[in-house]
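Summary of structural features
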Amino acid sequence: MKKYNFLFLISIIVFSFSCHCTKQNKSSFQPNFNHSVAQIVVYKTTKNYSMYVPVQLNNEGTKIISYPAPSDVFMEGKLALPTKLKNNYWLDNRGITMHTAFINYTYDEYSKLADAPSLDILFSKIIDKHPVLEIYNCGAKTTSIDKSLIDALNDEIKNNGLKKCKCLTEK
């Protein structure tokens, strides 16, 4: 799975240069865009898919290019469910990109599998091939996710609409 994690990191770096949101200085939220460490990714989807496992599709949406092992759906010993933010935004804890699709396995169900299903089975389990409406890189994740980070992101959403974050949404 390390190969897939590396591919995810590369895709985030590539996508981070696709568009840039206008900066405003109305809050204390100051993202640090150090791409050598994990990034804070905030996104919005067409529906609430927070319980479902994400997979990455190729640009054409015709095949899965990255998926987690059942053991990879944990973060710090807990299921890596996204964190709910204001205005239907989510803080990613697993690896969301513009090419994310969600499969019909909840994190809990998937974590109990002995092995990941075959690519054919995973592809047949896709619920939505184009669920991501908006996605932002809000800087380097220098610490674990805590209340202060969540509060800062919620303030940024409320006051600036994530304008200090880099927009990764393809236009």
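This section reports on the structure supplied with the text.

The rules behind each value
Residues numbered from 1 in each chain as written. Predicted model: local features only at pLDDT ≥ 70, side-chain atom pairs only at ≥ 80, totals over all residues. Heavy atoms only, no water. Phe/Tyr/Trp six-rings, centres within 6.5 Å; stacked < 30°, edge-to-face > 60°. Helix = DSSP H or I, 4+ residues; strand = E, 2+ residues; numbered from the N terminus. Buried < 20%, exposed > 50% of the residue type's maximum accessible area, 1.4 Å probe, protein only. Contact = heavy atoms within 4.5 Å. Salt bridge = Lys/Arg side-chain N within 4 Å of Asp/Glu carboxyl O.

Taken as a whole, this structure holds three aromatic pairs when the rule is applied. Between Tyr 49 and Phe 102 the ring centres are 5.1 Å apart and the planes differ by 10 degrees, which places this aromatic pair in the stacked class. Taken together, the residues span a long stretch of sequence, with Tyr 49 in the loop between strand E1 (39-45) and strand E2 (52-57) and Phe 102 in strand E8 (residues 100-106) at a distance of 53 residues. Its relative accessible area of 2% is what places Phe 102 among the buried residues. Ring geometry for Tyr 89 against Tyr 136: centres 6.4 Å apart, planes inclined by 65 degrees, an arrangement best described as edge-to-face. Taken together, the residues span a long stretch of sequence, with Tyr 89 in the loop between strand E6 (83-84) and strand E7 (90-91) and Tyr 136 in strand E10 (residues 132-140) at a distance of 47 residues. Each member of the pair, Tyr 89 as well as Tyr 136, is classed as buried.

Let us now look at the environment of Tyr 43. Within the secondary structure, Tyr 43 sits in strand E1. With a relative accessible area of 3%, Tyr 43 lands in the buried category. Spatially, the C-alpha atom of Tyr 43 lies 7.3 Å from that of Asp 92, the residues being 49 residues apart in sequence. Not counting chain neighbours up to four residues away, the residues in contact with Tyr 43 comprise Pro 82, Asn 88, Tyr 89, Trp 90, Leu 91, Asp 92, Ile 96, Glu 134 and Ile 135.

A word on the pattern of salt bridges. When the charged atoms of two side chains lie near each other, side chains of opposite charge can form a pair. Tallying each qualifying case throughout the model produces two salt bridges. The shortest N-O distance in the salt bridge between Lys 112 and Asp 108 comes to 3.1 Å. Residue classification places Asp 108 among the partly exposed residues on the basis of a relative accessible area of 37%.

Once that is clear, we can look at unusual backbone geometry. Located in the positive-phi region is Asn 87, a residue other than glycine, with phi close to 55 degrees. Residue position: Asn 87 is located in the loop between E6 and E7. Phi at Asn 88 takes a positive value of approximately 65 degrees, unusual for a residue other than glycine. Mapped onto the elements, Asn 88 comes out in the loop between E6 and E7.

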